[in-house]
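# Notes for the structure review
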Amino acid sequence: MTHPPADAEARRAIRPVICYPTDSLPQPDMALYRAARAGARKVAEVLVPPRDARTFEVPAGQFFRISSVEGPQVGDLNLHNLHDLSERFFSGKTRALHGTHITTGDRMWSTLPHLRPMATVVADTLGWYGIDAFGGSVHDVIGTRCDPYTHQLLSGGMYHHCCHSNLTRALAGHMGAPRAGAEPLVHDVLNVFMCTGFTRDTGQYFMKASPVRPGDHIEFFAEIDLLGNLSACPGGDCSAEHSSDVAACHPLLVEVFAPEDGALAGWAPPPPNAYDRSHG
Ligand SMILES: [Zn+2]
C-alpha cells in the first residue's frame, strides 16, 4: 500500500506525449500499391487447417491476403525474411510505432538490427470496427500467441495445438529441421482478426468474440521476400477460451497475388536500417 503525495492529482494531470510521432516515418506509396494490385493475378494459395499452421512464401513486391472462410476464426501470423529466418516480425516496435492494433497503411516491422518494413497492410475489411466501448479492436500486436507453457502454468496438462506449437511444427517442416531447432525462431504474432484490448480497471489483456465473418480479409504488400507462418488458433473466434479443443474452429485461406511486370516501377525493397551498429 502506498500513500499519494500532496501533489498526486497534479502529477496525474500531466498530459501524455506520443512516444514515437510517426510524421517522419518513411510512408508507403499506397497509390502505387493500389495500382499494382489492380492488375495482379493469383499465383498461389494455402488453406490453413483448424488448430494447425502452414507456411507460405511471398516474394517482395507481391501481395498476400488472409481470408475468413466457413466461420469466424482468429489467426496467429509470424513473418520471417525468407533468406534469414532470424530477421522476423517485431511486434513490440510495431506496437510502439503504430499502436495496439494495425490496419490499412500500417506496417509490420522487423527485429533489430534490421528494423525495416516487412509488410504493409493494403486492405482490411474490418477497418470499420475502430475501437469499441470496451477498448477492444481488431488485429492486435499486444498479445503473444497461445502456448502450451502458459497453459501448463495456469491449467496443468499437455495441450499440443496452441498456436506456438502449430507454428513450431510448420516452421520445422519448412526448415527440414527438428522442432527444437525451429521453436526459438517462433515469435510474437500479429493476431489476425482477433478482437482484444486491456481492461481499464485492472489493465488486463482481454479478448472477445471476433467480428470477422466469412469473406472478410486483411491483405498485405510484401516489402521483402517473406516466409509467412499462419496458425488457425484453437480458440476459434476467441470468444471464450483457447488452448483446448472446445471452441468451434475453421480454416483460414492465404492467397498470393503477383502484379503485372513493370507495375511497381521505381519501387525497391527497403534496405536494412542504416544505424552503423558501433554502439558508440
Ligand atoms: Zn492461438
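Everything in this summary refers to the structure shown in the same document.

About the thresholds
Residues numbered from 1 in each chain as written. Predicted model: local features only at pLDDT ≥ 70, side-chain atom pairs only at ≥ 80, totals over all residues. Helix = DSSP H or I, 4+ residues; strand = E, 2+ residues; numbered from the N terminus. Buried ≥ 20, exposed ≤ 12 C-beta atoms within 10 Å, placed from the backbone. Contact = placed C-beta atoms within 7 Å. Core = buried A, V, L, I, M, F, W, Y, C linked by C-beta atoms within 7 Å. Expected span 1.5 Å × (residues − 1). Arc of directions from axis to C-beta. Pairing = 2+ DSSP bridges.

### Some points on the overall build of the chain
Secondary structure assignment for the chain yields six helices and 13 strands. With respect to the three principal axes, the spread of C-alpha positions in the chain is 65 × 45 × 40 Å. Going through the 280 residues of the chain one by one, you find that 40% of them count as buried. Considering only residue pairs separated by 6 or more positions, the chain has 73% of its internal contacts joining residues 24 or more positions apart.

### Considering the nonpolar core
Counting residues in each nonpolar core, the largest one holds 56 residues, and the members touching the most others are M118, A119, V192, A222 and L226. Per element, the largest residue contribution to this core is five residues, and it comes from strand β9 (residues 190-198). Not counting residues within four places of it along the chain, the set of residues in contact with V192 comprises I66, V74, G75, L77, H139 and I218.

### A few points about helix α5 (residues 163-175)
Relative to the 18 Å expected for 13 residues at 1.5 Å per residue, α5 spans 18 Å between its end C-alpha atoms, a close match to the ideal helical length. Those residues of α5 that are buried are in contact with β2 (53-58), β4 (75-81), α4 (148-155), α6 (179-182) and β12 (226-232). Just past α5, the residue G176 takes up positive phi, approximately 65 degrees.

### Overview of unusual backbone geometry
For the bond running from L112 to P113, omega is 5 degrees, close enough to zero to count as cis. Relative to the assigned elements, P113 resides in the loop between β6 (107-109) and β7 (117-124). The residue H279 is not glycine, and still its phi comes out positive at about 55 degrees. Positionally, H279 belongs in the segment after β13 (252-258). Taking the C-beta count within 10 Å as the criterion, H279 has 5 such neighbours and is therefore assigned exposed.

### Some points on helix α3 (residues 91-98)
S91, T94 and H98 are the residues of α3 that are buried. Each buried residue of α3 lies within a common arc of 60 degrees when the element is viewed along its axis, so the set occupies one face. Buried residues belonging to α3 abut β6 and β9. Phi for G99, located one or two positions after α3, is positive at around 105 degrees.

### What about the pairing of β12?
A large share of β12 lies buried, amounting to seven of its seven residues. By the alternation rule, side chains of β12 split into L226, G228, L230 and A232 and L227, N229 and S231, which are all buried. Relative to β12, β2 runs antiparallel, the two being bridged by six bridges. Residue pairing in the sheet places V58 in a bridge with L226 of β12.

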